[in-house]
Protein chains: 2
Amino acid sequence: MQDHASPKVTLPHAKTIPLLVTVAVGLIIWFLPPPEGVAIEAWHLLAIFVATIVGIILKPLPMGAIAMLGIATTALTATLNIQDALSGFGNSTIWLIVVAFFISRGFIKTGLGIRIAYLFMLLLGKKSLGVAYGLIAADLVLAPAIPSNTARGGGVIYPVLASIAKAYGSEPDETTSRKIGAFLTLASFQGLVITGAMFLTAMAANPLAAQLAGEQGVNITWSSWATAAIVPGVLSLLAVPFLIYRIFPPEIKKTPVAVKLAQDKLNEMGCMKLSEWIMLGAFVSLLILWISGEMIGINATVTGLTGLGILLLSGVLTWKDVLDEKGAWDTLVWFAALVMMASYLNELGLISWFSELISGMVGDQVWISAFLILSLVYFYSHYFFASNTAHVSSMYAPFLAVAIAVGTPPVVAALVLAFFSNLFSSMTHYGTGPAPVYFGYGYVQMNDWWRIGLIISVVNIIIWLGIGGMWWKVLGLW
Amino acid sequence: MQDHASPKVTLPHAKTIPLLVTVAVGLIIWFLPPPEGVAIEAWHLLAIFVATIVGIILKPLPMGAIAMLGIATTALTATLNIQDALSGFGNSTIWLIVVAFFISRGFIKTGLGIRIAYLFMLLLGKKSLGVAYGLIAADLVLAPAIPSNTARGGGVIYPVLASIAKAYGSEPDETTSRKIGAFLTLASFQGLVITGAMFLTAMAANPLAAQLAGEQGVNITWSSWATAAIVPGVLSLLAVPFLIYRIFPPEIKKTPVAVKLAQDKLNEMGCMKLSEWIMLGAFVSLLILWISGEMIGINATVTGLTGLGILLLSGVLTWKDVLDEKGAWDTLVWFAALVMMASYLNELGLISWFSELISGMVGDQVWISAFLILSLVYFYSHYFFASNTAHVSSMYAPFLAVAIAVGTPPVVAALVLAFFSNLFSSMTHYGTGPAPVYFGYGYVQMNDWWRIGLIISVVNIIIWLGIGGMWWKVLGLW
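Residue indices begin from 1 for each chain and proceed along its sequence in written order. Just so you know, chain letters begin at A and ligand numbers begin at 1, following the order they were written in. Whole-chain, interface and lining totals are the exception, using all residues; otherwise, since this is a predicted model, local features are given only for residues with pLDDT of at least 70 and side-chain atom pairs are given and counted only at 80 or more. To obtain the side-chain values, all non-hydrogen atoms of the structure were used and water was disregarded.

A.B. asks: Could you clarify how one ought to interpret the packing of aromatic side chains in this entry?
C.D. replies: Both the distance between ring centres and the angle between the ring planes are used here to describe each pair of aromatic rings. Residue and element names in this part refer to chain A. Here a pair means two rings of Phe, Tyr or Trp (six-membered ring of Trp) with centres within 6.5 Å. Their orientation is stacked below 30 degrees between planes, edge-to-face above 60, and tilted elsewhere. Enumeration over the complete set of coordinates arrives at 49 aromatic pairs over all chains. Summarising the aromatic geometry, the rings of Y158 and Y438 are spaced 5.0 Å apart at their centres and angled 75° between planes, so their arrangement reads as edge-to-face. A residue pair is termed long-range when its members are at least 10 positions apart, and Y158 in helix 8 (residues 149–167) and Y438 in helix 21 (residues 434–440) qualify at 280 residues. Clustering of aromatic rings is evident, with ring pairs tying together Y378, F379, Y380, Y383, F399, F420, F424, Y430 and W450. A positively charged side chain is recorded as over a ring if its NZ (Lys) or CZ (Arg) lies within 6 Å of the ring centre. The angle to the ring normal must also be within 35 degrees. Of note, K253 hangs over the ring of Y245, and the distance from its end group to the ring centre comes to 5.2 Å. Its guanidinium or amino end placed over the ring of W478, K473 lies 4.1 Å from that ring's centre, counting from NZ or CZ. In this description a helix means any DSSP run of H or I spanning at least four residues, a strand means any run of E spanning at least two, and both kinds are numbered starting from the N terminus.

A.B. asks: It is not clear to me how the nonpolar core should be interpreted in this structure. Could you clarify?
C.D. replies: For soluble globular proteins, the rule of thumb is that nonpolar side chains tend to be buried together. Each nonpolar core is a collection of buried residues, namely Ala, Val, Leu, Ile, Met, Phe, Trp, Tyr and Cys, held together in the definition by side-chain atoms within 4.5 Å. Here the term buried applies to any residue with accessible area under 20% of the maximum for its type, exposed to any over 50%, and partly exposed to those in between, with areas from a 1.4 Å probe on protein chains only. Ranked by internal contacts, the top residues of the largest apolar core, which has 359 residues, are W329 and Y396 of chain A together with W329 and Y396 of chain B. Apart from the residues lying within four places of it in its own chain, the contact partners of W329 of chain B are L323, W329, L332 and V333 of chain A together with W95, F102, V322 and L323 of chain B. Should any heavy atoms of two residues lie within 4.5 Å, those residues are considered in contact.

A.B. asks: I keep staring at helix 6 (residues 112–124) of chain A and nothing clicks. Help me out?
C.D. replies: Helical geometry note: an α-helix holds 3.6 residues per turn, so side chains three or four residues apart project in the same direction. All names here are of chain A. In this analysis, the expected span of each helix is defined as 1.5 Å times one less than the number of residues it contains. Between its terminal C-alpha atoms helix 6 stretches 18 Å, which fits the 18 Å expected from 13 residues at 1.5 Å a residue. For helix 6, every residue scored as buried is listed here: L112, G113, I114, R115, I116, A117, Y118, F120 and M121. On the buried face of helix 6, the contacting elements are helix 5 (92–110), helix 7 (128–142), helix 8, helix 12 (256–269) and helix 13 (274–296).

A.B. asks: What exactly am I supposed to notice about helix 5 of chain A here?
C.D. replies: Residue and element names in this part refer to chain A. Its 19 residues give helix 5 an end-to-end C-alpha distance of 27 Å, which sits within 8% of 27 Å, the value for a rise of 1.5 Å per residue. For helix 5, a buried count of 16 out of 19 residues is recorded, marking the element as mostly surrounded by other parts of the structure. N or O atoms within 3.5 Å of each other form a polar contact, as long as, within protein, one can give a hydrogen and the other can take it, and as long as residues adjacent in sequence are counted only when both atoms are side-chain atoms. Put simply, N91 is the residue that caps the front of helix 5, since its side-chain oxygen is 2.8 Å from the backbone nitrogen of T93. Just past helix 5, the residue G111 takes up positive phi, approximately 85°.

A.B. asks: Would you mind showing me how to read the interface of chain A and chain B here?
C.D. replies: One widely used convention gives an interface's size as the accessible area the parts lose upon coming together. Counting residues at the interface gives 70 residues for chain A, matched by 71 residues for chain B. Summing the contributions of chain A and of chain B, the shared interface buries around 6,200 Å²; its carbon and sulfur component is 74%. Salt bridges are identified by distance alone: a Lys or Arg side-chain nitrogen within 4 Å of an Asp or Glu carboxyl oxygen. The tally of links from chain A across to chain B stands at two salt bridges. With its nearest N and O atoms 2.5 Å apart, the salt bridge here joins D324 of chain A to K326 of chain B. Here chain A is connected to chain B by eight residue pairs in polar contact (both at pLDDT 80 or more). Think of it as three bins: nonpolar holds Ala, Val, Leu, Ile, Met, Phe, Trp, Tyr, Cys and Pro, charged holds Asp, Glu, Lys and Arg, and polar takes everything else, Gly as well. Looking at the side of chain A that touches chain B residue by residue, the class counts come to 41 nonpolar, 20 polar and nine charged. Note on terms: buried area is the combined drop in 1.4 Å-probe accessible area of two parts once they are placed together, counting the loss on both.

A.B. asks: I'm lost on the relation of the copies chain A and chain B in this one. Help?
C.D. replies: Each of the two chain copies goes to the other by way of a rotation about an axis and a shift along it. To line up the copies, we fit them by least squares on C-alpha atoms, keeping just the residues with pLDDT of at least 70 in both. With an RMSD of 0.0 Å, the operation that places chain A on chain B is a rotation of 180° combined with a shift of 0.0 Å along the axis. On the angle and the small slide along the axis, the relation comes out as a two-fold axis. A shared interface surface links the copies, since 100% of the contact residues of chain A are contact residues in chain B too.

A.B. asks: Is there a simple way to think about a nonpolar patch on the surface in this case?
C.D. replies: Residues and elements named next belong to chain B. On the surface, a cluster of nonpolar side chains totalling about 480 Å² of accessible area is made up of I230, V234, L235, L238, I467 and M470. At the level of secondary structure, the elements contributing two or more residues to the nonpolar patch comprise helix 11 (222–247) and helix 22 (446–474). No other element matches helix 11, which puts four residues into the nonpolar patch. Tracing the sequence through the fold places V234 in helix 11. Surface patches are drawn from residues lacking salt bridges whose relative accessible area is over 30%; two like charges belong together within 9 Å, two nonpolar side chains (Val, Leu, Ile, Met, Phe, Trp, Tyr) within 5 Å. Here, Shrake-Rupley sampling with a 1.4 Å probe gives the accessible areas, and only protein chains in the shown set may cover a residue.

A.B. asks: Could you clarify how one ought to interpret the layout of surface pockets in this entry?
C.D. replies: A probe as big as a water molecule, rolled over the atoms, marks out the empty space that is left. All names here are of chain B. Throughout, the protein atoms alone are placed on a 1 Å grid, and a set of points is a cavity if a 1.4 Å probe fits but cannot get out or a pocket if it is open with protein on both sides within 12 Å along at least five of seven lines; lining residues have an atom within 4 Å of a point. Grid points are joined across faces, edges and corners, and a volume is the space filled by probe spheres set on the points. There is about 810 Å³ of room inside the largest pocket. Forming the walls of the largest pocket are 37 residues, and the residues nearest its centre are M63, S148, T150, D330 and G433. Residue contributions to the lining of the largest pocket peak at five residues, all from helix 8 (residues 149–167). Per-class residue counts for the lining of the largest pocket are 19 nonpolar, 14 polar and four charged. There are two domains that each give the lining of the largest pocket at least three residues, and those are domain 1 (13–88) and domain 2 (90–317 + 349–474). Annotation comment: domain bounds sourced from an automatic or database domain assignment.

A.B. asks: I tried to follow unusual backbone geometry on my own but got confused; where do I start?
C.D. replies: Among all residues except glycine, the phi angle is most often negative; among peptide bonds, the trans geometry is most common. Residues and elements named next belong to chain A. We note that A78 has phi near 60°; this positive angle belongs to a residue other than glycine. One can find A78 in the loop between helix 3 (63–76) and helix 4 (82–85). Among the residues examined, A78 registers a relative accessible area of 60% and is labelled exposed.

A.B. asks: Teacher, can you tell me more about the environment of L208 of chain A here?
C.D. replies: Turning to its location among the elements, L208 of chain A is positioned in helix 10 (residues 206–215). Excluding anything up to four places from it in sequence, L208 of chain A contacts W334, F335, L338, V339, T389, V392 and S393 of chain A.

A.B. asks: What's the story with the packing of helix 19 (residues 388–405) of chain B against helix 20 (residues 410–423) of chain B in this structure? I'm lost.
C.D. replies: A pair of packed helices is characterised by two quantities: the angle between their axes and the separation of those axes. Residues and elements named next belong to chain B. The N-to-C vectors of helix 19 and helix 20 enclose an angle of 160°; their axes lie 10 Å apart at closest approach. On the basis of their axis angle, the class for helix 19 and helix 20 is roughly antiparallel. Regarding helix 19 and helix 20, the two cross each other, and that crossing is right-handed. Along the contact surface, helix 19 presents N388, V392, Y396, F399, L400, A403 and I404, while helix 20 presents P410, A413, A414, L417, A418, S421 and N422. For every element, the axis is a line fit to its C-alpha atoms; helices are fit only across the contacting stretch, and the angle between N-to-C directions ranges from 0 to 180 degrees. For this classification, under 35 degrees means roughly parallel, over 145 means roughly antiparallel, 65 to 115 means roughly perpendicular, and everything else is oblique. We call a crossing left-handed when the near helix sits turned anticlockwise from the far one by less than a right angle, and right-handed when that turn is clockwise.

A.B. asks: Looking at this structure, I do not really get the environment of V333 of chain A. What am I missing?
C.D. replies: Tracing the chain through its elements places V333 of chain A in helix 16 (residues 326–347). In the structure, V333 of chain A is positioned 103 residues away from P436 of chain A in sequence and 23 Å away in space, judged by C-alpha atoms. Apart from the residues within four sequence positions on either side, V333 of chain A is in contact with G64, A67, M68 and F89 of chain A together with W319 and W329 of chain B.

A.B. asks: Sorry, what's going on with the domain arrangement of chain A here?
C.D. replies: Residue and element names in this part refer to chain A. Taken domain by domain, chain A comprises domain 1 (13–88) and domain 2 (90–317 + 349–474). Summarising the inter-unit geometry, the C-alpha centres of domain 1 and domain 2 are found 30 Å apart. On the domain 2 side, the residues contacting the 14 residues of domain 1 number ten residues. Taken together, both faces of the contact between domain 1 and domain 2 bury some 900 Å²; the carbon and sulfur share is 72%. The three residues of domain 1 that bury the most area against domain 2 are I53, I57 and G88, which together make up 38% of that side's buried surface. The tally of links between domain 1 and domain 2 comes to four residue pairs in polar contact (both at pLDDT 80 or more). Element by element, the count of residues in the side of domain 1 that touches domain 2 is highest for helix 2 (residues 40–58), at six residues. Looking at the side of domain 1 that touches domain 2 residue by residue, the classes come out as ten nonpolar, three polar and one charged.

A.B. asks: Before we go on, may I ask you to explain the pattern of salt bridges in this structure?
C.D. replies: In a structure, side chains of opposite charge can pair up when their charged atoms sit close to one another. For the structure shown, the criterion picks out 20 salt bridges over all chains. Beyond isolated ion pairs, a larger network of salt bridges with shared partners links R115, K273 and E276 of chain A.

What follows is the structure in structure tokens.
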């Protein structure tokens, strides 16, 4: 029986100034005359799209609500009919990421994720640098099936990290944080940034980048992404913790207690439960099918749906778990809005108009220098963003169009910008979901975070463009 | 910090026998040779569709999980490509109901729903029959924007009902239940059944019926549904409580305390809060646009999205409320699966093949008697169903096809079957969402529930086919 007394509802009004700016930007573009060669519907859709992006950046309301309002505005202004305005919800790339959100719940629910992390501690945890590599190895193993880097970091890796730091008496305070906690926090965070770049399903905005590339005729599959990323990714994962160990060393170098702790935790967990075995089997099947999917003709989303089906049939996940996975439904909505707008902007000719405009302007250039500048601007503009998704949705498509227009090989341009869409979050304590979480535990001071983040951004760029560039040459991508 | 000790996960395995039956049905149909004139893909999709329906009825897993497995199977077997298999998620009828779920949360959250119910008590509550009409009036007012009859009954109406029953010392026991609680429970439940039939957005499976009718070329809009239902609906709402009052009378006839109680509750609530005013404004706007939408060319889903937008912008609903509304996400999934399958069965020619087959068999009949038998079989087969959705998704489309084949005017056939898809749930204590809820409170014995339910089913059929038939003649529907 519910209480009848009406609870006082305080209205959490949308933040006024950000809302006014968002609406004003939309209205100004809407009422400007479209440039020659741009249809009026394309221009109106652009106005709604830009307003949506501004709203996602300024956050008068949460991203999902802004996206829903964007869809409503598109339909209400008859810029698109309702069926087209809702078309994003049936997009198969979106459902790949939504399904991956559901599947990732299984790692956390069954305890398999934590078990994997402690297994790596057992193997690598003798020294503090080994602990860092162990945490990153667990992160790397889980990354293909946990698209929320916040869930991967905050839900699986960080608890293990914290238990080891505390075992060494390293607390988030001035005197003990540098013992080991600060080092592990930074190393693990920078690891998350890199693992996110390595798989299409390792970060929520990756499929958005792939989808936007697809709109411009560049096809990126799960396996082509992973193949291109594996060499620079592994190198970065090896180099970055070592670099942090050098420039921001932990006071404690040897960590026998970490191994002991891992052993104790694993003993406490006992044997693998049936649910963990099923989860493991489903995960391995997913990986095999994602890797080989292109060859045998099974779409990545179909694979994901099948994996989810196995988890549901076996009861590892219940339907309630699925309905409770709010991150998935949130992602469905914002993703559907952005993909719908981007795809109709393309269909209405705006992207090709923009590309031709740029091509006409740049003329004969050496694409390498032009693309280098473009990609660096793309990278370092992330100082101004509080979310990978906001950055990708606002800048990825136009930067890709320009890159292709100046003559960059399209696949390379699309992949570099996609990888950078993860790597650029190394720099600040607010630039990606897990950053404020990791920073918030208090082990690392802000000046250290930013200083080391900047150094690592340079290292990552050198590895990914330098070694990566050679690897992509070997792969024949350019 | 989360606990690392892995919790014991007991696997809530799918129920084995129902699962085996579901799969077996699918496999048998799959491997039978298709009848002449039916393409193999259509036949395979039929096999998956029938298995999905059997699964929804036998419930080896919850409906949403079955639907998700149906989508996965469709794509995995390459019966449809992944983009087509996911196409249901972008369907605008589905989003009308999903958005209505979100909006309905506003009535419960702001307390406006309960306030409306007590206002009707104040107006009509002097006698026990008046209390019943008051509860039904509140239900009728809220029905257009609360598509979950379970939420409408259990979340808004029943709490008011129970407070009045308890004020008169009527508890769910042998000695006091018949004082007033049993009468009000039955009257309110039967009211819910009828109000559900009156608006496209008053019951979750209504848009499914409309969508399935659309597949067969019969266009039912929000306003055409409401117009056709208003006359028989209001008559039923007037007749049924009176009938229950006669054959299942409450011991208490006069209820001054109900008026007093309503007055006290309303005093306690105080003036309308700002959030209630906004909710009221949004609701009235929705109703006006839904009613007039056809004339002014605004689609019902666009109206719904706009209403949701107003509630989000004003903060009456937060984005978290939206993500928390699990019924909406559940509905999105099962609805998307069923609509996708039904629409491709149609596109692949199965519906037209079936219609032609039936037309050839029935020849020249008087359609009235044939349709009467059809619709009665449709109605009373609900004794075998535990959900309106299961019944509609399995029987609506073929019965409509047969009805049209024997010569029934298509709009009449579609509407009657759609109305019956609500009215048939008067009969049992398990036939629709709120039935087990209302029955579960224990005021009404099962034999009373079934006996009176059967009588009311006859009354409803007579009113809706008799008076309704005349009204539809006036409207020119046949």
